Amino acid sequence: MIRRPPRSTPLYSSAASDVYKRQICLTLFSCDQKLDIEPAQSISVDKALSEENTIKNILIGTYEEAGQSASFGGRNHVISDLLGATGQISWEGTFLEPRQIFTKNILVDNSFVEGLWQNSYEVINQANLVIDNITVINQTNESNRVEGEAKFLRGLAYFDLVRHFGGVPLRTEGIVDYSSDLNIQRSSEDEIYNQIISDLNDSYNLLPPSNDFFADKYAAKALLARVYLQRSEYSNALDAAHDVIINSDHELADTFAGAFNNDVDGVEDIFAFQVTSQGGTNQCIIFYASQSNGGRQGDITLQPAYFELFGDDLNDARYSFNYVSPDNGGTLTSKFTNQYGNVPVLRMAEMHLIRAESNFRLSSSKGMTPLSEINTLRARSNAKPLSTLSIDIIFNERQLELAFEGHLIHDHKRLDKNVGNLQSNDPKLLLPIPQSEMDSNSEMVQNPGY
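What counts, and at which threshold
- Residues numbered from 1 in each chain as written.
- Predicted model: local features only at pLDDT ≥ 70, side-chain atom pairs only at ≥ 80, totals over all residues.
- Heavy atoms only, no water.
- Helix = DSSP H or I, 4+ residues; strand = E, 2+ residues; numbered from the N terminus.
- Rg over C-alpha atoms; globule rule 2.2 N^0.38 Å.
- Buried < 20%, exposed > 50% of the residue type's maximum accessible area, 1.4 Å probe, protein only.
- Contact = heavy atoms within 4.5 Å.
- Areas by Shrake-Rupley, 256 points an atom, 1.4 Å probe, with all protein chains shown as cover.
- Axes fitted to C-alpha atoms, helices over the stretch in contact; angles between N-to-C directions.
- Parallel < 35°, antiparallel > 145°, perpendicular 65-115°, else oblique.
- Left-handed = near helix turned anticlockwise from the far one by under 90°.
- Core = buried A, V, L, I, M, F, W, Y, C linked by side-chain atoms within 4.5 Å.
- Salt bridge = Lys/Arg side-chain N within 4 Å of Asp/Glu carboxyl O.
- Pairing = 2+ DSSP bridges.
- Phe/Tyr/Trp six-rings, centres within 6.5 Å; stacked < 30°, edge-to-face > 60°.
- Lys NZ or Arg CZ within 6 Å of the ring centre and 35° of its normal.
- Nonpolar A, V, L, I, M, F, W, Y, C, P; charged D, E, K, R; others polar.

Student: Could you clarify how one ought to interpret the overall build of the chain in this entry?
Tutor: What the chain contains, in helices and strands, is 17 helices and six strands. Scaling as 2.2 N^0.38, a compact globule of 450 residues should have a C-alpha radius of gyration of about 22 Å, and the chain matches this with 21 Å. Evaluated residue by residue, the chain yields a buried proportion of 58% over its 450 residues. Considering only contacts within the chain whose residues lie at least 6 apart along the sequence, 70% involve residues at least 24 apart. Within the structure as shown, the chain displays about 17200 Å² of accessible surface, and the carbon and sulfur contribution to it stands at 46%.

If you want it as structure tokens, here you go:
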């Protein structure tokens, strides 16, 4: 099991991150401001980037940035679920921005969309600065670890950018001077995916097999499995998922409930963003949970169409993994009831589903037959065993197992499934390039329909 320090120790906003903020933020990462002067009591940019501790602290800050509410602190999950939803859920909240996403009528000034874009590029820039200056770390194992983590985070950020926006600007060098010409054209989706796959392969080769609660080689390989599945590269997806299942120290939690609301990374967590009472955010709690569980009221409620996915299998533990909000009377998922629980990004159940689907498509049985693998996963939830498989049945199983974890819109697109009356390639299922980016980047071209 992956362990982390006691809850009294802040994560990703630690003393190291505070040092990083003191040394770097004012001089390097003032993303909304141009660098006109250097603060009188700060060290120079060149000196900061030539020190090993500073580079390591920037990496800690990159985790902190990625775990903020705008992206992997939960809103990425929420955006993906609302955009892919039809009748399974309903948006009951008062916020305009999520409602636009849920109704597929998104404006270019949507703050959730803008936040996702800006936060992702802040992660990318900080990761770039680490990679650019990795040679200041002299010890090879440490240099490999730091570079591998930075490339994992950069790949993670680009993967969700390209899935949500299509081709995006590809920046692989860190920006220090924001007064320089930063106009840049969009790269193609293939170019972005090539960079992601390169980063994650590098990350896998550089990282150790275990790395506390930070990304390790199997986090990189698990993300690669997801990337390959999205690209319909089933042989590569199969090999990557199989590697994680066989060689990592992770396994399925004993119960479905045991995979969620964990204060420390559980045995099923391949990678999660850390949340404590001192640091980190979990926006899934804000929008999926009742007030008594730390949320607003339960802004996202389960609807009859969600329960219909289970058919007549009412003993499936996933069917009853919910509760009624005392605030609005809506039915809420129980996946997010611990406001200090970690935000899951990669877990073992997904690897089993990827291996099963890839085997099914390839008519192979690496590790297990596809049907046996799906039934093994279902058995954990006391669900009835299936007697046959199809891609539609596998898609249904992914919805039962991975609901509300940010997969829905991406599964619709890769499987060419309509979202309501919208075809999978409808422009409304891509997010708009934020107006702030359109205004500041003269080379940017808006997505169709916006």
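So that's the structure; there's more coming.
Student: Before we go on, may I ask you to explain the packing of helix α14 (residues 370–380) against helix α15 (residues 391–402) in this structure?
Tutor: A pair of packed helices can be characterised by two numbers: the angle between their axes and the separation between those axes. At a minimum axis separation of 12 Å, α14 and α15 run at an interaxial angle of 30 degrees. Taken together, the axis directions place α14 and α15 in an arrangement best described as roughly parallel. With respect to the hand of their crossing, α14 and α15 are arranged in left-handed fashion. Mapping the contact onto sequence places Ile-374, Leu-377, Arg-378 and Arg-380 in α14 and Glu-397, Leu-400 and Glu-401 in α15.

Student: What am I meant to see in the nonpolar core here?
Tutor: Side chains of a nonpolar character, in soluble globular proteins, are inclined to be buried together. Of all hydrophobic cores here, the largest spans 112 residues; its most connected members are Phe-152, Phe-165, Ile-196, Phe-271, Phe-273 and Met-351. Those residues in contact with Phe-152 that lie beyond four places of it in its chain are Leu-200, Ser-203, Ala-215, Ala-219, Ala-220, Leu-223, Phe-271 and Leu-346.

Student: So what exactly am I meant to see when it comes to the pattern of salt bridges here?
Tutor: Oppositely charged side chains can pair when the atoms bearing their charge come close. Taken as a whole and judged by the stated rule, the model has 32 salt bridges. Arg-318 is the salt-bridge partner of Glu-397, the closest N and O atoms lying 2.8 Å from each other. Of the two residues, Glu-397 is situated in helix α15 and Arg-318 in the loop between α12 (304–308) and β4 (322–324); the sequence distance between them amounts to 79 residues. Arg-318 matches Glu-397 in its accessibility class, with the two residues each being buried. With a shortest N-O distance of 2.8 Å, Asp-411 and Arg-398 are connected by a salt bridge. Within this pair, whereas Asp-411 is found in helix α16 (residues 408–414), its partner Arg-398 is found in helix α15, the two being separated by 13 residues in sequence.

Student: Whenever I open this one, the pairing of strand β2 (residues 269–273) confuses me. Can you help?
Tutor: Within a regular strand, the side chains alternate between the two sheet faces. In terms of burial, β2 is largely enclosed, as five of its five residues are buried. In terms of strand pairing, β2 meets strand β6 (residues 343–347) through four bridges, oriented antiparallel. Counterpart to Ala-272 in the pairing with β6 is Pro-344.

Student: Is there a simple way to explain the packing of aromatic side chains in this structure?
Tutor: The geometry of an aromatic ring pair is captured by the separation of the ring centres together with the interplanar angle, meaning the angle of the planes. A full pass over the atoms with the stated rule returns 24 aromatic pairs. Relative to Phe-287, the ring of Phe-95 has its centre 6.0 Å away and its plane inclined at 75 degrees; by these criteria the two rings are edge-to-face. Separated by 192 residues along the polypeptide, Phe-95 in the loop between β1 (89–91) and α5 (96–103) and Phe-287 in helix α11 (residues 283–288) bring together distant segments of the chain. You can call Phe-95 partly exposed: its relative accessible area is 30%. Overall, Phe-287 belongs to the buried group, its relative accessible area being 1%. Pairing Tyr-306 with Phe-307 gives two aromatic rings, centres 5.2 Å apart and planes at 75 degrees, and the pair type is edge-to-face. By relative accessible area, which is 7% here, Tyr-306 ends up buried. Under the relative-accessibility criterion, Phe-307 is labelled buried at 19%. Through successive ring pairs, a cluster of aromatic residues spans Tyr-63, Phe-72, Phe-152, Phe-213, Phe-214, Phe-271 and Phe-273. Stacked on the ring of Tyr-204, the Lys or Arg Lys-217 has its end atom at 4.4 Å from the ring centre.

Student: Can you help me understand unusual backbone geometry in this one?
Tutor: A negative phi holds for most residues other than glycine; trans holds for most peptide bonds. At Lys-104, a position not held by glycine, the phi torsion is positive, near 65 degrees. For Lys-104, a relative accessible area of 8% gives the class buried. The backbone of Asn-382 sits at a positive phi, close to 60 degrees, despite the residue not being glycine. Locating Asn-382 in the fold gives a position in the loop between α14 and α15.

Student: Is there a simple way to think about helix α4 (residues 75–84) in this case?
Tutor: Since the α-helix packs 3.6 residues into each turn, any two residues three or four apart lie on the same face. Counting buried positions over the 10 residues of α4 gives 10, a clear majority of the element. Among the residues of α4, those classed as buried are Arg-75, Asn-76, His-77, Val-78, Ile-79, Ser-80, Asp-81, Leu-82, Leu-83 and Gly-84.

Student: Quick question: what am I supposed to make of the environment of Ala-127 here?
Tutor: Here Ala-127 lies in helix α6 (residues 111–132). Once residues within four sequence positions are removed from consideration, Ala-127 is found in contact with Thr-62, Ala-150 and Arg-154.

Student: Please clarify how the packing of helix α9 (residues 217–230) against helix α10 (residues 234–247) should be interpreted in this entry.
Tutor: Remark: α9 packs on α10, axes separated minimally by 8 Å, with the N-to-C direction vectors making an angle of 150 degrees. Relative to α10, the element α9 is oriented roughly antiparallel. The hand of the α9/α10 crossing is left-handed. Two secondary-structure elements touch here, α9 through Tyr-218, Lys-221, Ala-222, Leu-224, Ala-225, Tyr-228 and Leu-229 and α10 through Tyr-234, Asn-236, Ala-237, Ala-240, Ala-241, Asp-243, Val-244 and Asn-247. Residue classes in the contact of α9 with α10 are distributed as 11 nonpolar, two polar and two charged.

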